Amino acid sequence: MISQNYLVLRPESVLDPGYLVYLLNEDPGIRKQLVSRLQGSQLQRVTVKDLENLQLPPLPKMEVQKAIGEVYLWQKRLTFLREKSIQNREKLVMASLKGIGNEQ
């Protein structure tokens, strides 16, 4: 079940889903279009209409889209896992420090 705060995008067969994620997050032209539509908006939400009206740049061949999308998503996963690892290490150190402090 998806709340009203989320959209599910299912691109047509000419657009790789991973490449679409890359475009929406990283393409300066897409970002500029979205920012211009959000100006003056209090909630800063992207609507279905905003997405429908986006002008996509010329799309590379599907093989290139798949490669870019795959590398982009793997990099995002790797970054997430590194950050999670850092947070877990910090929690471990803090728990150890609390344990040392309580021994005295």
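Look up: the structure comes first, before these words.
Being a predicted model, the structure only gives us computed values, none of them experimental. Counting from 1, residues in each chain are numbered in the order their sequence is written. Given that this is a predicted model, residues contribute local features only at a pLDDT of at least 70 and side-chain atom pairs are listed and counted only at 80 or more, while totals for whole chains, interfaces and linings are drawn from all residues. By convention in this description, side-chain values take in all heavy atoms of the structure and omit both hydrogens and water.

Right, let's get into the overall build of the protein chain. For the protein chain, the helix and strand inventory stands at 4 helices and 0 strands. Sequence-ordered secondary structure for the protein chain, helices as α and strands as β, is α-α-α-α. We compute the radius of gyration from the C-alpha atoms alone; for a globule the expected value is 2.2 Å times N to the 0.38, where N is the number of residues. Whereas a compact globule of 104 residues would reach a radius of gyration of roughly 13 Å, the protein chain reaches 20 Å, over 25% beyond that. When the backbone C-alpha atoms are referred to their principal axes, the protein chain occupies close to 65 × 40 × 30 Å. Buried residues are those whose accessible area, probed at 1.4 Å on protein chains only, stays under 20% of the maximum for their type, while exposed residues exceed 50% and partly exposed ones sit between those limits. Looking at the 104 residues of the protein chain, the share that counts as buried comes to 15%. The contacts of the protein chain with a sequence gap of at least 6 include a subset with a gap of at least 24, amounting to 65%. Strands are runs of DSSP state E lasting at least 2 residues, helices are runs of H or I lasting at least 4, and numbering of each runs from the N terminus. Two residues qualify as a contact provided that any one of their heavy atoms is within 4.5 Å of a heavy atom in the partner residue.

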